[in-house]
Amino acid sequence: MKAQTILAIISSLALTISLATLWQSHLAKFRPIAVAGPLTLRISQIESSGKSWYLPQVDCRLTITNAGARVGKVLGLRMKVSYPLLPIPSAHEFFLPHSEVDPVLYKKHAGRRFTWIAKSSLGEAAPFVILPRSSVSKHVVFDKRWEDPVIQDEVEFALEVLTDRSPKWLTVERWSHSIKGSVWSELAEVGTSIRVDPASVDPNGSHVTVPANLHEYTRGKKSIPKGGFKAPPSYLVPPSKSTSKTTSKNMEGEKKPDAAEEGNQGKGVS
């Protein structure tokens, strides 16, 4: 009985493991795992027919991995922009994707809106599929039209993804920054950009230098010599003439066998 019981337990375990393996390798549903990098904020001012407005744009690189065993669909992307310090509860708006861009060309032309659209855009950020156990990376630009300047001490950005796995939008990453008057002037008038790290990368300030005046001690007290290393120059020494002559003499001194010796060598021993 004991042997039969042990065999039954082993068979049940083997069947459970086989079913689990089958599920993981062939039956598991689409399971997205997404990450995003730093976010860059820019603001362009547009004038046309006597009217003026602003086009804020944010861009980031997104990677989504399908950890499941079935093909998954990514149906939409959007950037949720919230204003937590306003007296209005849950005040927010959405920046929709303008286009997917080539990250190298976009970085080169990002400061000139119409130029990057012409040279770095890869087309609209359309829905896409992700094969099982694979990843897809995209660099996407989101924008919106503002009629007036937006001046806020705190603005929160949240990248959201919609998949066929769930009808709810999935929050991938968050960023937070202020748009004070001086920041707005720098972005909209000067034309610079602001890079914001994701909230998940450094939530507790782990990259802060400790102590704050650390480099007052690492500087050292010894003087720094100028001009770098003072090593003397090095040269490749070619073979000397005497060595060449000696070699040629030795080659001439070797005797060649004369005709008689060659004849004797050619005769066989009788």
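Okay, so let's go over this structure. (Residues numbered from 1 in each chain as written. Predicted model: local features only at pLDDT ≥ 70, side-chain atom pairs only at ≥ 80, totals over all residues. Heavy atoms only, no water.)

A few words on the overall build of the chain. Along the chain, the regular secondary structure elements total seven helices and eleven strands. Counting all 270 residues of the chain, 29% fall into the buried class. Sequence separation of 24 or more characterises 70% of the internal contacts of the chain that already satisfy a separation of 6 or more. Summed over its atoms, the accessible surface of the chain is roughly 19,100 Å², and 58% of this surface lies on carbon and sulfur atoms. (Helix = DSSP H or I, 4+ residues; strand = E, 2+ residues; numbered from the N terminus. Buried < 20%, exposed > 50% of the residue type's maximum accessible area, 1.4 Å probe, protein only. Contact = heavy atoms within 4.5 Å. Areas by Shrake-Rupley, 256 points an atom, 1.4 Å probe, with all protein chains shown as cover.)

With omega at -10°, the peptide bond leading from Val-210 into Pro-211 counts as cis. In this fold, Pro-211 is placed in the loop between strand S11 (194-196) and helix H5 (215-218). Within the chain, Ser-49 stands out as a residue other than glycine whose phi angle is a positive 55°. Positionally, Ser-49 belongs in the loop between strand S2 (39-48) and strand S3 (51-66).

For the rest of this paragraph, the subject is the environment of Leu-170. Along the chain, Leu-170 turns up in strand S10 (residues 166-179). Separated by 136 residues in sequence, Leu-170 and Ala-34 have C-alpha atoms that sit 9.2 Å apart.

The full count for this structure, using the stated rule, is four aromatic pairs. On the basis of an interplanar angle of 75° and a centroid distance of 5.0 Å, the ring pair of Tyr-54 and Trp-184 is categorised as edge-to-face. Of this pair, Tyr-54 sits in strand S3 while Trp-184 sits in helix H4 (residues 181-190), and the two are 130 residues apart along the sequence. By relative accessible area, Tyr-54 is classed as buried at 13%. Its relative accessible area of 7% is what places Trp-184 among the buried residues. (Phe/Tyr/Trp six-rings, centres within 6.5 Å; stacked < 30°, edge-to-face > 60°.)

What follows deals with the pattern of salt bridges. Here the structure, examined in full by the defined rule, presents six salt bridges. As a salt-bridge pair, Glu-100 and Lys-138 come within 3.1 Å of each other at their nearest N and O atoms. One end of the pair, Glu-100, is in strand S5 (residues 92-101); the other, Lys-138, is in strand S8 (residues 135-143), with 38 residues separating them in the sequence. Owing to a relative accessible area of 16%, Lys-138 belongs among the buried residues under this scheme. Between Glu-147 and Arg-145 there is a salt bridge whose closest N-O contact spans 2.8 Å. By relative accessible area, Glu-147 is classed as partly exposed at 45%. Look at Arg-145 and you get partly exposed, because its relative accessible area is 42%. (Salt bridge = Lys/Arg side-chain N within 4 Å of Asp/Glu carboxyl O.)

This part takes up the pairing of S10. With nine bridges connecting them, strand S9 (residues 152-163) and S10 associate as antiparallel partners. In the sheet register, Leu-159 faces S10, and the bridge partner there is Glu-173. Taking the residues between adjacent antiparallel strands as the criterion, S9 and S10 are bridged by two residues. (Pairing = 2+ DSSP bridges.)

Let's shift gears to the side chain of Arg-78. Along the chain, Arg-78 falls in strand S4 (residues 72-82). On the basis of relative accessibility, which here comes to 18%, the residue Arg-78 falls in the buried class. Polar contacts involving the side chain of Arg-78 include one to the side chain of Glu-160, which spans 2.6 Å. Excluding anything up to four places from it in sequence, Arg-78 contacts Phe-94, Phe-95, Leu-96, Pro-97, Phe-142, Ala-158, Leu-159, Glu-160 and Trp-169. (Polar contact = N/O pair within 3.5 Å; in protein donor to acceptor, adjacent residues only side chain to side chain.)

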